[in-house]
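Structural overview
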Amino acid sequence: MNRFIGFVKKEFHHIFRDYRTMLILFGMPIAQILIFGYVVSNEITDVNIAIFDKSKDNITQEITNKITSSGFFILHDNLNSDQEIEKAFKRGIVREVIVFEPNFAEKLKRDGKAGIQIIADASDANTANIVSNYTKAIINSYVKNELFAQGLPYEIIPEVRMLYNDELKGVYMFVPGTMALILMLVSAMMTSISIAREKELGTMEVLLVSPLKPLPIVIGKVIPYMVLSFINAVVIIALSYFVFGMPIQGNLIFLLAETLLFIFMALSLGILISTASNSQMVAMFISMFALMLPTMLLSGFIFPIENMPKILQWLSSIMPAKYFIIIIKNIMIKGSGIGIVWKETLILVGMTVFFLGLSIKKFKVRLE
Amino acid sequence: MLKHTENIIVVKNLIKKFGSFIANDNLSFEVKKGEIFGFLGANGAGKTTAIKILSGLSFPTSGDVMVAGYDVYKEREKVKENIGYMSQKFSLYEDLTVRENIRFYGGIYGLSGKYIKEKTESLLERLKMKDIQNSLISSLPLGWKQKIAFSVAIFHDPKIVFLDEPTGGVDPITRRDFWEMIYEASDSGITVFVTTHYMDEAEYCDRVSIMDQGRIEGLDTPGELKKQFNAKNMDEVFLKIAR
């Protein structure tokens, strides 16, 4: 065990003393997520909204005032029927419609809760999301600061509907996609390079001559990258949640578990690459062309898979990142559990086992 | 020489094939305890293959190989614990300090932290490297790296140390210094198994074997080999065998 800890420590020394490695490990994930995030800007001011107040009581009036006086929204129109909602959006000026249910104040007093519907124009999905989040925040603060403060334990339930693009396709792609890319990079590429470096420098030979068995050597090399990958994943999730307001509808533990699975997959891929390459350069090129580019281009990260030619669609289904992106999107946006994504999860497990088995076999062959 | 009586490496009819290619063709030899054994041969003669088998990195196709009293087939772990290895690349971690390298390599041989610490102090003292113990290996000249690499290879007091072209790329003075270290190790009872391309170094060995095309073509003391091949120096012996 002592030997093993020494080994892991040494590996961390390698990482922390090489500023290029550090930059890739920590600078890049943050830079990427911020770039992708801000390319689709999240600044909103003076957004035109319409309100359809079916209740018209003192509380709905108060909430309306809060919203319109927040500085983010301009009340463009008051609506009087459901049909007008559609029309308001079609005219293209109104980005959001807020609908109070009938007898709002009365329901609050009687049942302790009432509902508000927030309908956003999701053809610009990013704006729609930010706008609806702002609205929700204002309503929540009203409940907390005004109602609770007066000793009224009421609950107002905002129900968000995205019109025209209810899955928010495209926009939230950047978080799962970046995560897949970064994890591939850190886990697979960095691992394969670091193992290849030991071969290149001849230190691997010395390790193999020592009483350390090959498996602990590989595990010892992989653990630091696993830890760092996981930290990276958490940072990305945190950034996307706190900075860009990406929801995490599903179970956070489940999300992290799936992330860990993908990290395992990428690590075993990295080990496989390293068995096939004797120098850092080769490891890097294989990672670049066999992993990074396909991950970017074929996984559905940048280009939608449905629009690809048939051949590329088949190719995309051997991209691990594709399944990871589907899983992450489902968990974060739709709140799915294992019941929905079991198939993709199983595929990732299968791939991990396959790559790991193959690399163990190749590692042994190399030794004989 | 009285001290070289006990066999520490025994190889009998060792054959290693890669497909139809025979890398080691029926090798048989013994290495005595405490001896400096030169293992010579042109590139591709099968030296590396043989060293890999002796150090437990690769299994022979057939034949018996005993290293430090252990069978390389059945007791590979035991073999590994009792040998040291230094390659021509010196195999130190460039981005670790002198002290960290020693610590790490000592650690993978399962030595205790306290023991490593004490031994490191006396080692640094002996090498006169106290001042640079916290410098990165990458900042040191080649000769120093070589000394550290050798010290690291025998840090766990192995019975045998394998040196694979340990003097490649260093100047003659440094090489001479290095051989002083080899003698010291040999005097303290460590068997030194060394491959080299420098024929003057072959003269420093107690006994020398010369391989050609997978076979051992000559094995004796440098003096006897010169007599046997009617040559003025080891260079000539080598050329006569390899041609």
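Criteria and cut-off values
Residues numbered from 1 in each chain as written. Chains lettered and ligands numbered in written order. Predicted model: local features only at pLDDT ≥ 70, side-chain atom pairs only at ≥ 80, totals over all residues. Helix = DSSP H or I, 4+ residues; strand = E, 2+ residues; numbered from the N terminus. Buried ≥ 20, exposed ≤ 12 C-beta atoms within 10 Å, placed from the backbone. Contact = placed C-beta atoms within 7 Å. Nonpolar A, V, L, I, M, F, W, Y, C, P; charged D, E, K, R; others polar. Core = buried A, V, L, I, M, F, W, Y, C linked by C-beta atoms within 7 Å. Axes fitted to C-alpha atoms, helices over the stretch in contact; angles between N-to-C directions. Parallel < 35°, antiparallel > 145°, perpendicular 65-115°, else oblique. Left-handed = near helix turned anticlockwise from the far one by under 90°. Domains from an automatic or database assignment. Pairing = 2+ DSSP bridges. pLDDT = per-residue confidence, 0-100.

1. Re the overall build of chain A
Secondary structure summary: chain A contains 14 helices and five strands in total. By its C-alpha atoms, chain A is 80 × 50 × 35 Å across when sized along the principal axes. Taking all 368 residues of chain A together, the buried fraction comes to 39%. A separation of at least 24 residues holds for 78% of the contacts in chain A among residues at least 6 apart in sequence.

2. Quick notes on the interface of chain B and chain A
Opposite the 20 residues of chain B that make contact, chain A presents 22 residues. Only α2 (76–81) and α3 (98–108) of chain B provide two or more residues apiece to the side of chain B that touches chain A. Ranked by the residues each element gives to the side of chain B that touches chain A, the list is headed by α3(B), at four residues. Across the side of chain B that touches chain A, the residue classes break down as eight nonpolar, six polar and six charged.

3. Digging into the nonpolar core
Note that soluble globular proteins tend to have their nonpolar side chains buried in a common cluster. By size, the foremost hydrophobic cluster in this structure holds 128 residues, and its most contacted members are A:L183, A:M184, B:V67, B:V161 and B:V192. Looking at which element gives the most residues to this core, the answer is helix α7 (residues 174–201) of chain A, with 16 residues. Ignoring sequence-local partners within four residues, the contact set of B:V67 consists of B:I9, B:L54, B:V72, B:V79, B:I83 and B:I160. By size, the runner-up hydrophobic cluster in this structure holds 27 residues, among which are A:I59, A:V97, A:F104 and A:I118.

4. Digging into the packing of helix α10 (residues 252–276) of chain A against helix α11 (residues 280–298) of chain A
Residues and elements named next belong to chain A. Between α10 and α11, the shortest axis-to-axis distance is 9 Å and the interhelical angle comes to 135°. By the criterion of interaxial angle, the relationship of α10 to α11 is oblique. You can see that α10 and α11 cross each other, and the crossing is right-handed. Taken together, the residues of α11 that come into contact with α10 (itself represented by I273, S274 and A276) are A283, I286 and S287. Classifying every residue of the contact of α10 with α11 by side-chain character gives four nonpolar, two polar and no charged.

5. Some words on the domain arrangement of chain A
Examined at the domain level, chain A breaks down into domain 1 (2–39 + 171–367) and domain 2 (47–163). The C-alpha-based centres of domain 1 of chain A and domain 2 of chain A are spaced at 42 Å.

6. Points about the environment of B:F39
Residues and elements named next belong to chain B. Residue position: F39 is located in strand β3 (residues 36–41). Spatially, the C-alpha atoms of F39 and I190 are 16 Å apart, while their sequence positions differ by 151 residues. Once residues lying within four places of it in the same chain are set aside, the contact partners of F39 are K47, F193, V194, T195 and S209.

7. A short note on the sheet that holds strand β3 (residues 96–100) of chain A
Residues and elements named next belong to chain A. The strand order across the open sheet built from five strands is β2-β1-β3-β4-β5, with neighbouring strands paired in mixed fashion. The two strands at the open ends of the sheet, each matched to only one other strand, are β2 (73–78) and β5 (155–163). If you compare each strand with its neighbour and ignore which way they point, the axes differ by 25° on average. Of the strand pairs in this sheet, strand β1 (residues 47–53) and β3 are connected by five bridges, and their pairing is parallel. Opposite A50, over in β3, you have V97 as the bridge partner.

8. Re the confidence of the model for chain B
For any part of a model where pLDDT is low, the fine detail of the predicted coordinates should not be relied upon. Model confidence for chain B is summarised by a mean pLDDT of 89, while 98% of its residues fall at 70 or above. Scored as a complex, the prediction yields pTM 0.72 and ipTM 0.86.

9. Quick notes on unusual backbone geometry
Residues and elements named next belong to chain B. In this structure, N26 is a non-glycine residue whose phi angle is positive, near 55°. Tracing the backbone shows N26 in strand β2 (residues 21–32). Although it is not a glycine, K128 sits at a positive phi angle of roughly 60°. The residue K128 is located in the loop between α4 (113–127) and α5 (142–153) in this model. Owing to 10 C-beta atoms within 10 Å, K128 belongs among the exposed residues under this scheme.

10. Regarding the environment of A:S141
Residue and element names in this part refer to chain A. Secondary-structure assignment places S141 in helix α6 (residues 125–148). Of the residues examined, S141 has 12 C-beta atoms within 10 Å and is grouped as exposed. In this structure, the C-alpha to C-alpha distance between S141 and K66, residues 75 residues apart in sequence, is 9.6 Å.

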